Amino acid sequence: MTATEAPRGTAQAELAGPATAAGPGALAGLSSRSRALRPSGKVLPEHARSHNRALVLQTLYTTGAQSRADLARGTGLTRVTVSDLVAELMAEGLVVELGQREDARPGKPATLLDVARGAFRIVGIDVSGHRVVRGAVLDLSGTILERAESPLGGATGERAFELVAELAARLVGLATAPVLGVGIGTPGVVDPRGTVRSAPNLGWADLPLQARLSARLGLPVHATNDANAAVLAEHGAAEADDLMLVKIGHGVGSGLIVGGRLVTGSGFASGEIGHVVVGTDGGPRCVCGRDGCLEAWLSVPRLTGQLEALGADADEAARAEVLAEAGRRLGIVLAPVVGALDLPEIVLSGPAHLLDGPLIDAALETLRKRTMAEQTRDLRLRMTAHGQDIVLHGTAVMVLSGELGVS
């Protein structure tokens, strides 16, 4: 087999989480078990080398230190092909030799290799917050090395773009190694080219976010919907290959993985549940101009404003009822999705002090009332364990996948 051949028995390189050897700083939303998040299909000869290269990187990334012989066995590539690809990757600074393996077997000990996890940096930007734009510098294992943020201050349109660009430039300046790429998670409908087709809360329409920021920074940029970024980070920690993540912040959106694959929809608006009108009883006015959208019931500004309006002397029951009503509205929207897709797990991401308690309890109760008992008997509705960094970790997954073919 030559270096242009695809590996035997391998239709694709799979997205998988980092090996446990990556340590506590590894991308928290991923695990070491492989989950295919890319379409499979025949590898054409002209694409085989890049495919095999990504396969070698993915194997090292997920399993940690390996010898060349280990890589050949694990990937199905010949030793000649592996040696050729490793030499290329070492020349680019992406793979390093760690030294010889301590081995009692006869013969010369094998030299171990690994991804050069500290040789490059990733910049991640999270635009989903309603008060600040958050960003971080991460290494290739997902360890957050530096943080920075900028107050959003109600900025929309061009001013909001400038805030994102300025923060990205500041973070690039903090990087102590070459930056592999920049990942951005933003509310709204985002197409595969990173153009934000619609983000009402930010006043963005047909904004070529990815292209403009790449031109500004002189670096590869990968932009997607914030909930899609978040669900990529959450996927490895989930118990099943079907997962929905609801991201609640400035707006409300969701990311959906079915059969181990990210669902984006024909118009790239899959998961845009925030502007689904809940019920027929009207409701609060939404930023989109309609009454009773889920976002108008559930967004962080809405919940915070309602609780503040109760006053400091309000009893706990009144506060709990505000949150429970929002949870019931969420359950109404989620019930047909669970019924249609038979989802076993739904994860909420957002401020735990608002979501974890009466809101999540009311949402689960409503879900169970509105779906068949057989479907929801084992349904898990839980908070993410990744806290406010989930989108940042998801943007790192995007950059790793887009630039190296691994995650």
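In case you missed it, the structure is sitting above this.
Starting from 1, residues in each chain are numbered consecutively following that chain's sequence as written. Residue-level local features of this predicted model are given only where pLDDT is at least 70; pairs of side-chain atoms are given and counted only at 80 or more, and the full residue set underlies all totals for whole chains, interfaces and linings. Only heavy atoms go into the side-chain values, all of them from the structure, while hydrogens and water stay out.

## Focus on the sheet that holds strand E11 (residues 196–199)
Definition in use: Any two strands are treated as partners once DSSP identifies two or more bridges connecting them. Secondary structure counts use DSSP, requiring at least four H or I residues in a row for a helix and at least two E residues in a row for a strand, with both numbered from the N terminus.
Taken together, three strands build an open sheet; the order of strands is E10-E11-E12 and the sheet is antiparallel. Of all the strands in the sheet, the pair left with one neighbour each is strand E10 (189–190) and strand E12 (204–207). Sheet topology note: the E11/E12 ladder contains three bridges and is antiparallel. For Ser198, the partnering residue across the bridge sits in E12 and is Ala205.

## Some points on unusual backbone geometry
With a phi angle near 55°, Asp206 is a residue other than glycine that sits in the positive phi range. Mapping Asp206 onto the fold places it in strand E12.

## Thoughts on the sheet that holds strand E17 (residues 345–349)
Heads up, the rule is: The contact rule is simple, with two residues in contact once any of their heavy atoms fall within 4.5 Å. Under this scheme, a helix contributes an axis fitted over its contacting stretch, all axes are lines through C-alpha atoms, and angles between N-to-C directions fall in the 0 to 180 degree range.
Here five strands make up an open sheet; going across it, the order is E16-E15-E14-E17-E18 and the pairing mixed. Two strands bound the open sheet, and with one partner strand each, they are strand E16 (261–262) and strand E18 (380–383). In this sheet, strand E15 (residues 252–258) lies alongside strand E14 (residues 243–248) in antiparallel orientation, the contact comprising six bridges. In the strand pairing of E15, Lys247 is matched with Gly253. Lying on the sheet, helix H9 (residues 316–341) is in contact with E14, E15 and E17; it crosses E14 at an angle near 160°.

## Observations regarding the pattern of salt bridges
Quick note on the threshold: Each salt bridge in this description consists of a side-chain nitrogen of Lys or Arg and a carboxyl oxygen of Asp or Glu lying within 4 Å of one another. Only protein chains enter the accessibility calculation, which uses a 1.4 Å probe; a residue is then buried when its area is under 20% of its type maximum, exposed when over 50%, and partly exposed in between.
Under the defined criterion, the tally for this structure stands at 24 salt bridges. Of the charged contacts in the structure, one is a salt bridge between Glu88 and Arg49, with a shortest N-O distance of 2.6 Å. In this pair, Glu88 is assigned in helix H3 (residues 79–91) and Arg49 in helix H1 (residues 45–63), connecting sequence segments 39 residues apart. With relative accessibility at 24%, the residue Glu88 sits in the partly exposed group. The exposure class of Arg49 is partly exposed, given its relative accessible area of 27%. Among the salt bridges present, the one from Arg147 reaches Asp389, with a minimum N-O distance of 2.8 Å. Linking Arg147 in strand E8 (residues 144–151) with Asp389 in the loop between E18 and helix H13 (390–404), this pair joins segments that are 242 residues apart in sequence. A residue is classified by how much of its surface remains accessible, and Arg147, at 46% relative accessible area, is partly exposed. Note on Asp389: relative accessible area 13%, which makes it buried. Linked by salt bridges that have partners in common, Arg49, Arg53, Asp84, Glu88 and Glu92 make up one network.

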